[in-house]
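Coordinates in review
Residue strings, one per chain:
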Amino acid sequence: MEVGAPDYLAGERQTAEFDVESMKVTWAGSRHALEVSDRMARLVASDPVFRKDNRVMLSRKELFKNTLRKAAHAWKRIVELRLTEEEASRVRFFVDEPAFTDLHWGMFVPAIKGQGTEEQQQKWLPLAYKMQIIGCYAQTELGHGSNVQGLETTATFDPKTDEFIIHSPTLTSSKWWPGGLGKVSTHAVAYARLIVDGQEHGVHGFIVQLRSLDDHMPLPGITVGDIGMKFGSGAYNSMDNGVLRFDNVRIPRDQMLMRVLQVTREGKVIQSDVPRQLIYGTMVFVRQTIVADASCALSRAVCIATRYSAVRRQFGSQNGGPETQVIDYKTQQSRLFPLLASAYAFRFVSEWLKSLYTDVTEKLQRGEFSTLPEAHACTAGLKSITTSATADAIEECRKLCGGHGYLANSGLPELFAVYVPACTYEGDNTVLLLQVARFLVKTVSQLGSGKVPVGTTAYMGRARHLIQCKSNVQSAEDWLNPQVVVEAFEARSLRMSVACAENLAKFPNPEEGFAQLAADLVEAAAAHCQLIVVTKFFEKLQQDIPGKGVKKQLQILSSVYALYILHKHLGDFLSTGSITPKQGALANDQLRSLYSKIRPNAVALVDAFNYTDHYLSSVLGRYDGNVYPTLYEEAWKDPLNDSVVPDGYQEYIRPLLKQQIRNARL
Ligand SMILES: CCCCCCCCCC/C=C\C/C=C/C(=O)SCCNC(=O)CCNC(=O)[C@H](O)C(C)(C)COP(=O)(O)OP(=O)(O)OC[C@H]1O[C@@H](n2cnc3c(N)ncnc32)[C@H](O)[C@@H]1OP(=O)(O)O
Ligand SMILES: Cc1cc2nc3c(=O)[nH]c(=O)nc-3n(C[C@H](O)[C@H](O)[C@H](O)COP(=O)(O)OP(=O)(O)OC[C@H]3O[C@@H](n4cnc5c(N)ncnc54)[C@H](O)[C@@H]3O)c2cc1C
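Residues numbered from 1 in each chain as written. Chains lettered and ligands numbered in written order. Predicted model: local features only at pLDDT ≥ 70, side-chain atom pairs only at ≥ 80, totals over all residues.

Side note on the overall build of the chain
Looking only at helices and strands, one finds 23 helices and 11 strands in the chain. In terms of overall dimensions, the chain is globule-like: its C-alpha atoms have a radius of gyration of 27 Å, near the 26 Å expected for 666 residues. Overall, the chain is about 90 × 75 × 65 Å in size when its C-alpha atoms are taken along their principal axes. For the chain, with 666 residues in total, the buried portion stands at 45%. Pairs at least 24 apart in sequence give 74% of the contacts found in the chain among residues at least 6 apart. (Helix = DSSP H or I, 4+ residues; strand = E, 2+ residues; numbered from the N terminus. Rg over C-alpha atoms; globule rule 2.2 N^0.38 Å. Buried ≥ 20, exposed ≤ 12 C-beta atoms within 10 Å, placed from the backbone. Contact = placed C-beta atoms within 7 Å.)

Here it is in structure tokens:
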């Protein structure tokens, strides 16, 4: 905010009962992370090239070219200022425009790192790091996305020339969706069925050059282009999601990513001791980053809706005084505050997930693979529940802002349009929950075998207790005890998984049973993932959290998150007998009283996200709360208002009006 400018939300900020600067550190993860983030946000906000308020007005071609300009400018600044990897990734984050660079840094580079041998990494990574080649991740095809084993593209080894022949045998085998592919990438990690000596060896990744490094023309045998406009204006249309066909394209043998499986010069196929699932490793990496991204998108929407709810007034004027701030309505609070709590919950679970991922990666480097299934289940499940909740929440925030939320300059419509595909990409959310369900059912089925469940399923080791325990909540206050809450969540989750396992056992064919019970399995998987989020929030509070009143606020938010989920899924808790109807009602009483505790802190709790007005790009979410004059000014900037009488008046409006006059005379 400019120095000396009026702050219409100052009163809201004065009621805060905690130190906002300390909360900013907790949200960012460390003082260092906050400092870097803050500096990069300001760098981007102060650079006119990164302007984004005109995005929805641009045609697809203009939007795309502008995105290229921004990406090139960002890279120039990164090089000129010698930014670290951490700083560079924050710059890309604050530029806030889906672009080919997301896939280059987010998937192409990680795929080579995770699936390439040492030599392959040494050859390709320096080129990618300097952006002398630009890559994408070409897995999905027109006919298959979720079913990776169903991909049709082939990679046939030719021992005569020591090459692979990459081919798209059918229309449905055309690669379809990869971001950055349509117009920019020079290379792809393309996934194809490996065929050696007539034998199939599953799907593997191959580095394929697509375009000339001299004139950007597609290489012989490559047909490539953009798949067309997507949902919304602006939004994800800055990305060139692409289509790609291979017509017997030859690549050297050493361009197959060979960490998991090697093909020798003689055409021998050698399986290393690395499990084949590592081919899916890039998806595990990205799913983990998507959970962090959910907390960003959600906190952004909540920041807009909270500030605007404090500015907006409707009804309730007493003796000509001001009307009631809509944030004071209990209904507004019961819709908004759980979303605020969810933003914090997702932030902390993403922190934990990142540490789990780092730990598993280190173990994989040492040849220890036992924790891979849990990493897969956690990343898949948390990606699923956090993106679904965030997509719903952005739309709820739009509604919380009433009519003005529907204006493009509220920032919410575009945020929604950019965000919703997160429920689909990197694995459709239902398909991913079914993966979690498989993991849970397997864990339950091994309970009697003496195998002790560990990690996030450790609670299943107490199945005997959890299957029959009764919650001893007797007052609303009791619901503030994390142990009581966690036990109710554990009982619900365990009982749902056990019920699924028991029902599955009734089917002679387990796969048929799995298919029939899929809807129940998805619910059991979601319950397990919600337990993880609740537990990790409470565990965060065990840490030393400095700053006046910060821990207290987080305790309130953790209880709000847990009790909101309990309220939303009360049916599960009751039908599994994990709590009684009376206890459910007490949880609701507690929730109401927690909302009152959040109210004086709400604006400060969203200030703690430390978002610049540039990043928020929302008139309603402005830091200073100066909403109405800005809305009024912005309206006049619309191209329709360039002329008082619109284009088309002479052709279409005037004749109509004249005709009415003639009709009236008749
Ligand atoms: C540096 C900056 C970072 C910034 C990041 C930027 C991010 C940018 C985001 C950009 C936005 C969009 C990009 C989008 C990209 C994409 O969408 S890429 C394509 C993604 N596609 C998918 O996600 C497909 C989903 N399908 C699958 O994952 C699999 O096909 C599925 C798991 C559903 C099934 O696979 P099958 O091989 O058939 O497996 P199955 O037989 O069921 O299971 C076998 C066995 O393997 C285990 N398993 C499955 N997956 C994994 C895994 N990933 N890791 C480990 N283990 C896995 C499974 O549990 C089974 O185990 P079991 O013990 O035998 O039961
Ligand atoms: C914006 C965007 C960016 C993308 N970027 C990339 C990229 O860079 N690279 C890339 O390779 N791909 C990319 N993709 C593709 C993406 O990964 C796939 O679309 C995604 O994995 C879903 O697969 P699908 O489209 O085949 O959906 P489908 O599997 O066809 O899903 C359709 C419906 O069927 C249901 N369904 C499917 N299988 C089952 C099952 N077994 N049981 C129950 N229900 C089922 C789903 O729940 C869904 O409701 C992108 C997609 C989008 C939207």
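Focus: the domain arrangement of the chain
Taken domain by domain, the chain holds domain 1 (10–91), domain 2 (109–272) and domain 3 (282–448 + 477–607). Within the side of domain 1 that touches domain 2, the residues separate by chemical class into 4 nonpolar, 1 polar and 2 charged. (Domains from an automatic or database assignment. Nonpolar A, V, L, I, M, F, W, Y, C, P; charged D, E, K, R; others polar.)

Observations concerning the site of ligand 1
Around ligand 1, the surrounding shell holds 28 residues, and the nearest of these are G106, Q277, Y280, H376 and G427. Within the residue set of the shell around ligand 1, elements represented by two or more residues are α6 (100–115), α8 (281–311), α10 (372–400) and α12 (429–445). A total of 4 residues in the shell around ligand 1 trace back to one element, the largest contributor, which is α8. Tallied by class, the residues present in the shell around ligand 1 amount to 11 nonpolar, 14 polar and 3 charged. (Near = placed C-beta within 6 Å.)

Notes on the environment of S173
Considering the arrangement of structural elements, one finds S173 in the loop between β3 (163–167) and β4 (175–176). For S173, a count of 21 C-beta atoms within 10 Å translates into the label buried. Separated by 288 residues in sequence, S173 and G461 place their C-alpha atoms 45 Å apart. The contacts of S173, once residues within four sequence positions are left out, are E141, G143, E152, T153 and S168.

A short note on the sheet that holds strand β8 (residues 242–246)
Strands pair in a sheet through their backbones, by hydrogen bonds, and they do so in one of two ways: parallel or antiparallel. Read from one edge to the other, the open sheet built from 3 strands follows the order β4-β8-β7, with strand pairing classed as antiparallel. The two strands at the open ends of the sheet, each matched to only one other strand, are β4 and β7 (222–226). Strand direction decides the pairing type here: β4 and β8, joined by 2 bridges, are antiparallel. By the bridge assignment, W176 is partnered in β8 with V243. (Pairing = 2+ DSSP bridges.)

Things to note about the nonpolar core
Counting 181 residues, the largest nonpolar core has A301, C397 and V560 as its most contacted members. Not counting the four nearest positions on each side in its chain, V560 is found in contact with F337, P338, A341, L591, L594 and I598. (Core = buried A, V, L, I, M, F, W, Y, C linked by C-beta atoms within 7 Å.)

Section: the pairing of β8
Among the 5 residues of β8, 4 are classified as buried, and the element is accordingly described as predominantly covered. Summarising the sheet, β7 and β8 pair through 5 bridges and their orientation is antiparallel. By the bridge assignment for β8, I222 is matched with F246.

Focus: the site of ligand 2
If you check the shell around ligand 2, you find 21 residues, and the closest are Q139, T140, G145, S146 and W177. At the level of secondary structure, the elements contributing two or more residues to the shell around ligand 2 comprise β1 (135–138) and α12. It is α12 that contributes the most residues to the shell around ligand 2, 3 residues altogether. Counted by class, the shell around ligand 2 contains 11 nonpolar, 9 polar and 1 charged residues.

A few points about the packing of α12 against helix α16 (residues 518–540)
Across the interface, α12 lies against α16 with an axial gap of 8 Å and an inter-helix angle of 80°. Comparing the axis directions of α12 and α16 gives the class roughly perpendicular. Contacts from T430, L433, L434, V436, A437 and L440 of α12 reach α16 at A518, L521, V522, A524, A525, A526, H528 and C529. Counted by class, the contact of α12 with α16 contains 12 nonpolar, 2 polar and no charged residues. (Axes fitted to C-alpha atoms, helices over the stretch in contact; angles between N-to-C directions. Parallel < 35°, antiparallel > 145°, perpendicular 65-115°, else oblique.)

A short note on the confidence of the model for the chain
Per-chain confidence: the chain averages 96 in pLDDT, with 98% of residues scoring 70 or above. Predicted complex, confidence summary: ipTM 0.98, pTM 0.97. (pLDDT = per-residue confidence, 0-100.)

Some thoughts on the environment of K540
One can find K540 in helix α16. On the basis of neighbour counts, which here come to 20 C-beta atoms within 10 Å, the residue K540 falls in the buried class. Sequence separation between K540 and F348 is 192 residues; the distance between their C-alpha atoms is 7.0 Å.

Examining α12
Compared with an ideal rise of 1.5 Å per residue, which puts 17 residues at 24 Å, α12 spans 24 Å between its outermost C-alpha atoms and is within 8% of the ideal. Packed against the buried residues of α12 are α10, α14 (482–505) and α16. (Expected span 1.5 Å × (residues − 1).)

A closer look at the packing of α10 against α12
Between α10 and α12, the least distance of the axes is 8 Å, while the angle of their chain directions is 140°. Classified by the interaxial angle, the pair formed by α10 and α12 is oblique. As for the relative orientation of α10 and α12, their crossing is left-handed in sense. Seen from α10, the contacting residues are P373, H376, A377, A380, G381, K383, S384, T387 and S388; seen from α12, they are N429, L432, L433, Q435, V436 and F439. Residue composition of the contact of α10 with α12, grouped by class: 7 nonpolar, 7 polar and 1 charged. (Left-handed = near helix turned anticlockwise from the far one by under 90°.)

Overview of helix α2 (residues 20–28)
Listed as buried for α2 are V20, M23, K24, V25, T26 and W27. Those residues of α2 that are buried are in contact with α3 (31–45), α9 (330–365), α17 (550–568) and α20 (602–607). At the C-terminal side of α2, G29 shows a positive phi close to 110°.

Quick look at the pairing of strand β5 (residues 187–196)
Of all 10 residues making up β5, 7 are buried, and the element is well covered by its neighbours. Bridge count between β1 and β5: 4 bridges; the pairing is parallel. Directly across from A138, in β5, lies its bridge partner A190. Both strand β2 (residues 154–158) and β5 contribute to a ladder of 3 bridges, which runs parallel. The residue bridging T154 from the neighbouring strand is R193, located in β5. Sheet topology places β5 next to strand β6 (residues 199–209); 9 bridges connect them, and they run antiparallel. Within β6, the position partnered with A190 by the bridge is F206. The turn linking β5 back onto β6 is made up of 2 residues, and D197 within it adopts a positive phi angle of 55°.

Some points on unusual backbone geometry
With the exception of glycine, most residues fall at negative phi, and the peptide bonds are largely trans. Not every positive phi belongs to a glycine, and W177 is a case in point at roughly 115°. Assignment of secondary structure puts W177 in the loop between β4 and β5. Here W177 falls in the buried class, since 20 other C-beta atoms lie within 10 Å of it. Backbone geometry at E426 places phi at a positive 60°, although glycine is not the residue there.

Here's the deal with the environment of C303
Topologically, C303 is positioned in helix α8. For the pair C303 and L620, spaced 317 residues apart in sequence, the C-alpha to C-alpha distance is 9.6 Å. When neighbours within four sequence positions are excluded, C303 is seen to be in contact with V606, F609, Y611, L616 and G621.

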